[in-house]
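In case you want the letters, here they are:
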Amino acid sequence: MKLLFLFLLFTDTLHLSRSEVEQRFLRENLSLMAQRMQISEAEARVEQEKRWPNPTLTIDQLNLTAPKGQEVVPPLWGSFGKNRQFGVELEQIIFTAKKKRKSIALAEREVQLAHLSFSELLWESKLQLRQKCTAAQSLREQISFQQSHLIEVENILQKMEAHVSTGRIPKKEVVRMRTYLLEQKQNLAELIAEESEIQLQLKIWLNTSSFLVITDPLIPDDLEVFEESERPDLAIKKGLADYQAQNLILRKSERMPDLQLKAQYDRNGNAMLNFFGLGVSMDLPLWDKKQGAIKEAEWAKKRSELEVEQMEWKVQKEKEVAFENLHKAKEFLDAFSADFRQEQKEWLENYQKHLLERNTTLLEFLDQAESSLKALQLYVKAKETVRLRWEEYRYVKGL
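What counts as what
- Residues numbered from 1 in each chain as written.
- Predicted model: local features only at pLDDT ≥ 70, side-chain atom pairs only at ≥ 80, totals over all residues.
- Heavy atoms only, no water.
- Patch = residues over 30% accessible without salt bridge, like charges linked within 9 Å, V, L, I, M, F, W, Y side chains within 5 Å.
- Areas by Shrake-Rupley, 256 points an atom, 1.4 Å probe, with all protein chains shown as cover.
- Salt bridge = Lys/Arg side-chain N within 4 Å of Asp/Glu carboxyl O.
- Helix = DSSP H or I, 4+ residues; strand = E, 2+ residues; numbered from the N terminus.
- Buried < 20%, exposed > 50% of the residue type's maximum accessible area, 1.4 Å probe, protein only.
- Expected span 1.5 Å × (residues − 1).
- Contact = heavy atoms within 4.5 Å.
- Polar contact = N/O pair within 3.5 Å; in protein donor to acceptor, adjacent residues only side chain to side chain.
- Pairing = 2+ DSSP bridges.
- Axes fitted to C-alpha atoms, helices over the stretch in contact; angles between N-to-C directions.
- Phe/Tyr/Trp six-rings, centres within 6.5 Å; stacked < 30°, edge-to-face > 60°.
- Lys NZ or Arg CZ within 6 Å of the ring centre and 35° of its normal.
- 1 Å grid on protein atoms, 1.4 Å probe; cavity = no way out; pocket = protein on both sides within 12 Å on 5 of 7 lines; lining within 4 Å.
- Points joined across faces, edges and corners; volume = space filled by probe spheres on them.
- Nonpolar A, V, L, I, M, F, W, Y, C, P; charged D, E, K, R; others polar.

Visitor: What am I meant to see in a nonpolar patch on the surface here?
Guide: Side chains of Met282, Leu284, Leu286 and Trp287 sit close together on the surface and give an oily, nonpolar patch of about 550 Å² of accessible area. Tracing the chain through its elements places Leu286 in the loop between β6 (274-282) and α7 (291-334). Looking at Leu286, the relative accessible area reads 54%, which means it is exposed.

Visitor: Where do I start with helix α5 (residues 171-206) in this structure?
Guide: Helical geometry: 3.6 residues make up each α-helical turn, so side chains three or four residues apart lie on a common side. Its 36 residues place the ends of α5 52 Å apart at the C-alpha level, agreeing with the 52 Å of an ideal helix rising 1.5 Å per residue. Positive phi shows up at Asn207, right after α5, with a value of about 55°.

Visitor: What am I meant to see in the environment of Lys100 here?
Guide: Topologically, Lys100 is positioned in helix α4 (residues 99-164). Classification of Lys100 as buried rests on a relative accessible area of 12%. On a C-alpha basis, the gap between Lys100 and Gln291 in space is 20 Å, while along the polypeptide they are 191 residues apart. If we ignore the near neighbours within four places in the chain, the residues touching Lys100 are Glu49, Lys50, Arg51, Trp52 and Phe95. Within the structure, Lys100 has its side chain in polar contact with the backbone oxygen of Glu49 (distance 2.5 Å).

Visitor: Hey, could you run me through the sheet that holds strand β3 (residues 86-94) in this one?
Guide: Strand pairing in a sheet is mediated by backbone hydrogen bonds. Such pairs are either parallel or antiparallel. Pairing is antiparallel in the open sheet, where four strands are placed in the order β2-β3-β5-β6. Edge positions in the sheet fall to β2 (56-60) and β6, since each has one partner strand and no second. The sheet shows a mean angle of 15° between the axes of neighbouring strands, taken without regard to direction.

Visitor: Just checking my understanding: could you explain the packing of aromatic side chains for this structure?
Guide: The relation between two aromatic rings is expressed through the spacing of the ring centres and the mutual angle of the planes. Applying the stated criterion across every chain yields a total of eight aromatic pairs. When the centroid spacing of 5.4 Å and the interplanar angle of 40° are considered together, the rings of Trp52 and Phe95 count as tilted. Of the two residues, Trp52 is situated in the loop between α3 (30-49) and β2 and Phe95 in the loop between β3 and α4; the sequence distance between them amounts to 43 residues. With a relative accessible area of 44%, Trp52 lands in the partly exposed category. Ring centres of Phe332 and Phe336 lie 5.6 Å apart, and the angle between their planes is 90°; on these two criteria the pair is classed as edge-to-face. Here Phe332 falls in the partly exposed class, since its relative accessible area comes to 43%. Through a chain of ring-to-ring contacts, the aromatic side chains of Phe86, Tyr265 and Phe276 assemble into a single cluster. If you follow Lys302 out to its NZ or CZ, it ends over the ring of Trp299, 4.8 Å from the centre.

Visitor: Would you explain the layout of surface pockets in this entry?
Guide: Regions of empty space are outlined by a rolling probe, equal in size to a water molecule, passed over the atoms. In this structure, the largest pocket encloses a volume near 280 Å³. Lining the largest pocket are 13 residues, and of these Phe145, Ser148, Glu152, Lys345 and Leu376 lie nearest its centre. Breaking the lining of the largest pocket down by element, the ones donating at least two residues are α4, α8 (340-356) and α9 (362-396). For the lining of the largest pocket, the class distribution of residues is four nonpolar, six polar and three charged.

Visitor: Any chance you could explain unusual backbone geometry here in plain terms?
Guide: Glycine aside, residues mostly have negative phi angles, and peptide bonds mostly take the trans form. Despite not being glycine, Lys98 has its phi angle at roughly 55°, a positive value. The topology assignment puts Lys98 in the loop between β3 and α4. Here Asn207, not a glycine, exhibits a phi torsion of approximately 55°, which is positive. Tracing the backbone through its elements, the reader meets Asn207 in the loop between α5 and β4 (211-214). Of the residues examined, Asn207 reaches a relative accessible area of 41% and is grouped as partly exposed.

See the structure below:
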């Protein structure tokens, strides 16, 4: 016990309210920082989509040797091009049916989805953080009960050992009390180990090495939740429906073939010594009119619209279930009296007094001690459940 007290006394602690915990979580969490970069990646893809494809330069028909007896070809400048033949072509694709603008719009939808996906990650991560904070508070309270109980048992054991020599208390009862003390120390060690695991996760999330102590009470002052926000998972479904609608527009525009504009120069390749010309090429949409791609986009649009309806119905039902769960948890907590902790403490102290005065047996005392400790732990668990149900209710309301 002394070692545990010294550990808690000298451990570097970080005292934060729940709102401060969330702020630090959003600011310091390295995983969230990495996920936020996906938004920048999507924005970079939009920037790239705005760029036109580079033109294609082709140089061909360049003769390596000048055959004897051929017509003399004058140079272009200096000695370059003398008795030479070659061709140069510059080609540039031209998107028709406003495909470029529509593809940019589709890429912008991807940016919106990246923002929504990050919002969903924050929404889910904050619930996990709140649950861990609740578990940490609950365990700290249970550990406090267990530590207080151990101190009381150690005091009783010391008094019992003092009465062994007088014969008022049999030695076998002292041995039994020592065994009970060891059992309670084991229970405390298990609680501390469980708390250490939770603290480790919180340290990773908050990017700190300090022991986190939450200053807010386990049960909030007001359990009503009047605020509401659009849930990120529903917003993603709507965003996907908008994406598929834009994708269908783009696929339909692909029925019109793009143009390939060409500028050509031919040196001594035909009847003209220097030939300059313009040209255009395009695919003829005789067999492939993008029918399959358009149908695929149409079905994807219909599917995404149905998924939005399904998600809206799911959100409404989850709100109803979460509210009912919160109400039931609150009813169970209200079953405990306002002075429940004090009542259990006084009841146990009364048994301790009767034990030392030999007005009750050791087995009766141990049974009452175990019962009181379990009752206090049940009380803390009831408070923890209310907090968890309240956080779940906020979660399903998009908070």
